[in-house]
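# Observations on the model geometry
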Amino acid sequence: IEKVATTGYGYGNKGDYKSLNLSAENGKYYLTDLTHTGDIETYDAKNTETNFTIMSDYDKAFTSTSQRAGVDAHYYADQVYDYYKNTHNRDSYDGKGAPLYSVVHFGSNYNNAFWNGEAMFYGDGDGRTFSPLSGANDVIAHELTHAVTEHTAGLVYENQPGALNESFSDVFGYFVDPDFLMGEDVYTPGVSGDALRSMSNPEQYNQPAHMNQYRSLPNTNDGDHGGVHINSGIPNKAFYNTVTVMGKQKAEKIYYRALSYYLTPNASFSDARAALIQSAQDLYGSTDANTIANAWSKVGVY
Ligand SMILES: CC(C)[C@H](Cc1cn(Cc2ccc(C(=O)O)cc2)nn1)C(=O)N[C@@H](CCCCN)C(=O)O
Ligand SMILES: [Ca+2]
Ligand SMILES: [Zn+2]
């Protein structure tokens, strides 16, 4: 007997109704979405960091409180898979239909989400700094774009290439969730209107927005590998300067082309500027190429 595709529904982290692609086998229902080349499978770590079991139920309704994090992770993974396929004709993060694995309830009150090279992991947050981190589609897009970057430009996760790696994840977070805030739906549930990062105003969350504020931090874990989550404010601001002029449709094609065709593992901010200018020139001509040039010059990158 094998798993057969079916549909069901569940409640997300906000108690919101979401329809789900499930699979059924032997009278049990699983968070296994068989509608893409690569399966999308959502696991429950049950607050461990080592044992993961696929989320299942005896009916098609995933409506219990403990299932909410899995419902959002599963639903948003499907949304981001579709985004890359429908907008960029990229079949999963490797372009060859790799399966997508998500793990929720990772650790205890864990205030983070990450891609470990094989799967996306989401903590539940401590309820003050974060609510369960699978509750924001810009977070899922951020993590999955780390996987895309690994399989394309391979931007090394340190110093300027690492800050570009981070920025591309935030930028594709914008393309899936088009607002200039990052993680706003899961950051500080008790405070409205704030976020982890702002692309329009990086300084608001202590990120530089210009090269003359670049933070030369040590390339260590404590130094955030040379400040990759801090210095990403500079390319994020250049993106804001770009997309507000040319719009999302052109920007997402230019950014995808630069990431998948021109950028290399040790690219600097200046190399990224050149790759994006070339991508804009290739696709749309000199007006949009100049928009990119100006957007990066304004943050002090030439
Ligand atoms: C995507 C985003 C929602 C997520 C959020 C995040 C969480 N943290 C830790 C953290 C914890 C507490 C606070 C606080 O204000 O008290 C802020 C940040 N830092 N970033 C994030 O940015 N995770 C990193 C995880 C990187 C792990 C090392 N590879 C990433 O994916 O780049
Ligand atoms: Ca957002
Ligand atoms: Zn990241």
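Quick note: structure is the one above.
Our subject in this report is the structure included herewith. This one's a predicted model, so the numbers in the text were calculated from it and none came from an experiment. (Residues numbered from 1 in each chain as written. Chains lettered and ligands numbered in written order. Predicted model: local features only at pLDDT ≥ 70, side-chain atom pairs only at ≥ 80, totals over all residues. Heavy atoms only, no water.)

### Re the overall build of the protein chain
Threshold: Helix and strand definitions follow DSSP, with helices as H or I runs of at least four residues and strands as E runs of at least two, each counted in order from the N terminus. As a reference, a globule follows 2.2 Å times the number of residues to the power 0.38, and the radius of gyration itself is taken over C-alpha atoms. Categorising residues by exposure relies on relative accessible area from a 1.4 Å probe, with only protein chains included: less than 20% of the type maximum marks a residue as buried, more than 50% marks it as exposed, and the intermediate range marks it as partly exposed. Residue contacts are counted whenever heavy atoms from the two residues lie within 4.5 Å of one another. For this count, His and the chain ends are skipped, Lys and Arg are scored as positive, and Asp and Glu as negative. To locate a charge, take atom NZ for lysine, CZ for arginine, CG for aspartate or CD for glutamate.
From N to C terminus, the protein chain includes eight helices and 13 strands. By the compact-globule yardstick of 19 Å for 302 residues, the protein chain fits well, its C-alpha radius of gyration being 19 Å. Summarising its shape, the C-alpha atoms of the protein chain cover approximately 60 × 40 × 30 Å along the three principal directions. The buried share of the protein chain, taken over its 302 residues, is 56%. A separation of at least 24 residues holds for 61% of the contacts in the protein chain among residues at least 6 apart in sequence. The centroid of the 20 positive side-chain charges in the protein chain is displaced by 5 Å from the centroid of its 36 negative side-chain charges.

### A closer look at the sheet that holds strand 8 (residues 61-62)
The strands making up a sheet associate through backbone hydrogen bonding, with each pair oriented either parallel or antiparallel. Going by this rule: Pairing between two strands requires that DSSP report at least two bridges joining them. To define axes, lines are fitted to C-alpha atoms, for helices over the stretch in contact only, and angles between the resulting N-to-C directions are given on a 0 to 180 degree scale.
Strands sit in the order 7-3-2-1-8 across an open sheet of five strands; the sheet is mixed. At either margin of the open sheet sits one strand with a lone partner, and together these are strand 7 (56-57) and strand 8. Sheet topology note: the strand 3 (residues 28-30)/strand 7 ladder contains two bridges and is antiparallel. Within strand 7, the position partnered with Y30 by the bridge is S56. Sheet strands touched by helix 1 (residues 68-88): strand 1 (4-11), strand 2 (17-25) and strand 8. Its angle to strand 2, the strand with the most contacts, is close to 90°.

### Things to note about the coordination of the calcium ion (ligand 2)
Note the cut-off: Shown as donors are all N, O and S atoms within 2.8 Å of a metal ion, widened to 3.2 Å for Na, K and Ca; because water is not in the atom set, sites may appear incomplete.
All of the protein donors around the calcium ion (ligand 2) are D138 (OD), D177 (OD), D179 (OD), D179 (OD), L181 (O), E184 (OE) and E184 (OE); their distances to the metal are 2.2 to 3.1 Å. The sequence pattern describing where the donors of the calcium ion (ligand 2) fall on their chain is D-x38-D-x1-D-x1-L-x2-E. With a gap of 46 residues between them, D138 in helix 2 (residues 137-150) and E184 in the loop between strand 12 (181-182) and strand 13 (197-198) connect regions that are remote in the sequence.

### Focus on the pattern of salt bridges
The cut-off we apply is this: Any Lys or Arg side-chain nitrogen found within 4 Å of a carboxyl oxygen on Asp or Glu counts as a salt bridge.
All chains considered together, the criterion is met by seven salt bridges. In this structure, the salt-bridge partner of K248 is E252, at a minimum N-O distance of 3.6 Å. Pair noted here: K248 and E252 are both in helix 6 (residues 248-262), with a separation of four residues, about one helical turn. For K248, a relative accessible area of 21% corresponds to the partly exposed category. Connected through salt bridges with shared partners, the residues D16, K18 and D72 form a single ionic network.

### Section: the pairing of strand 9 (residues 100-104)
In regular strands, side chains alternate between the two faces of the sheet. Among the five residues of strand 9, four are classified as buried, and the element is accordingly described as predominantly covered. Sheet topology places strand 5 (residues 40-44) next to strand 9; five bridges connect them, and they run parallel. Within strand 9, the residue paired with T42 across the bridge is S102. As judged from the two bridges shared by strand 9 and strand 11 (residues 120-122), these two strands associate in the parallel manner. Across the sheet, residue S102 finds its bridge partner in strand 11, namely M120.

### Examining empty space enclosed by the protein
One simple way to see leftover space: roll a probe sized like a water molecule over the atoms. What counts here: The method works on a 1 Å grid over the protein atoms by themselves. A cavity is a set of points holding a 1.4 Å probe that cannot get out, a pocket is an open set with protein on both sides within 12 Å along at least five of seven lines, and residues with an atom within 4 Å of a point line them. Grid points are joined across faces, edges and corners, and a volume is the space filled by probe spheres set on the points. Under the scheme applied here, ten amino acids are nonpolar (Ala, Val, Leu, Ile, Met, Phe, Trp, Tyr, Cys and Pro), four are charged (Asp, Glu, Lys and Arg), and all others, including Gly, are polar.
For the structure shown, the criterion picks out one cavity of 30 Å³ or more. By volume, the largest cavity amounts to about 30 Å³. Every residue lining the largest cavity is listed: V80, Y81, Y84, S92, Y93, L100 and L144. The greatest single-element share of the lining of the largest cavity, amounting to three residues, is contributed by helix 1. Classifying every residue of the lining of the largest cavity by side-chain character gives six nonpolar, one polar and no charged.

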